[in-house]
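Inside the fold
The lines below spell out each chain.
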Amino acid sequence: MESGFSSDTVIYEVIAILPFAFVLALQADGGVPAVESAAAQAPGALMDMLHNIGPIALFVLGVLLLASLYSWTVILGKMSTFGRATEESRKFVRAFRKASRLQEISALAETYKSSPLAQVFVDVYESYKRQTGGSGPPRNITVLERSAQTAASESITALERRMTWLATIAATSPFVGLFGTVMGVVDAFHGLGTAGAATLRAVAPGISEALITTAAGLFVAVPAVVAYNQFTARIRVLASATDDFCRELLNSMEEIPERGARGTAPEPAEELQRGQFR
């Protein structure tokens, strides 16, 4: 136990000494001046790198800036869209289950246009009215099922709009930044070869400037990846809720003939009461 403890201590001491030895070696080579406060040097060093950045890296940063602005536009827009769709779907389902007539639900659906559930109901109700004129049992439930499937697919597709751009930005931004870094490193080593001075002072500025593009690429990609995963999960939830609502709506319509079989069918001109055929 004692020998093991002493060997670990030696390893920790060596690891702690290595950075100081590296700094001393650089100072001996004339590549690094005396160490100053990092907090004081960081802003000035960053501004110097931005001022001295090459044209290729500047072009890459411009592309990444445009990609970042577009991705944040999509993110903020989707946050608002999904928020409205979720809230209005919750309210529409509550109103749908409390309403007593299909005509009442149709009027309510117009106030919840952001809800995919309301869009499904509107399309199914239109098909129902074409079959029956707005009253009586449906003549062909298969047509209503197809209308429900089509409406559900269209509403979910609308929610997925511009999601591919978000995924593309998330996947390509790191590589765009890496391209700028590679070109910056190539330029730095080319300058090192023409200068003929193989010192860290000659190559470090070019490499540090090149690495800015990699950092910028990650800065653009990380929010896009997180947002894309979150939005994909919310789309799955809304798609599942839409499918459940389609089944509930069609089940309610399939129960309409049961009232007629008991001799309690309404008058032809009377709107069917939903609460009695659930």
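Here, every reference points to the structure presented above.
Helices and strands together make up the secondary structure of the protein chain, namely nine helices and zero strands. Out of the 278 residues in the protein chain, the part that is buried amounts to 33%. Of the contacts made within the protein chain by residues no fewer than 6 positions apart, 75% connect residues no fewer than 24 positions apart. Accessible surface computed for the protein chain: about 16,500 Å², of which carbon and sulfur atoms make up 64%.

Let us look at the pattern of salt bridges. One pass over the full model with this rule turns up five salt bridges. In this structure, glutamate 248 and arginine 97 form a salt bridge, with 3.2 Å as the shortest nitrogen-oxygen distance. Note that glutamate 248 is positioned in helix 8 (residues 200–254) and arginine 97 in helix 3 (residues 55–98), a separation of 151 residues in sequence. Aspartate 244 is the salt-bridge partner of arginine 247, the closest N and O atoms lying 2.4 Å from each other. Of this pair, arginine 247 and aspartate 244 are both found in helix 8, three residues apart, which corresponds to roughly one turn of the helix. Judged by relative accessible area, which is 48%, arginine 247 ranks as partly exposed. Take aspartate 244: its relative accessible area is 40%, and that puts it in the partly exposed class. Several salt bridges converge on common partners, so that one network encompasses Glu87, Arg90 and Lys91.

Quick notes on the rules
Residues numbered from 1 in each chain as written. Predicted model: local features only at pLDDT ≥ 70, side-chain atom pairs only at ≥ 80, totals over all residues. Heavy atoms only, no water. Helix = DSSP H or I, 4+ residues; strand = E, 2+ residues; numbered from the N terminus. Buried < 20%, exposed > 50% of the residue type's maximum accessible area, 1.4 Å probe, protein only. Contact = heavy atoms within 4.5 Å. Areas by Shrake-Rupley, 256 points an atom, 1.4 Å probe, with all protein chains shown as cover. Salt bridge = Lys/Arg side-chain N within 4 Å of Asp/Glu carboxyl O.

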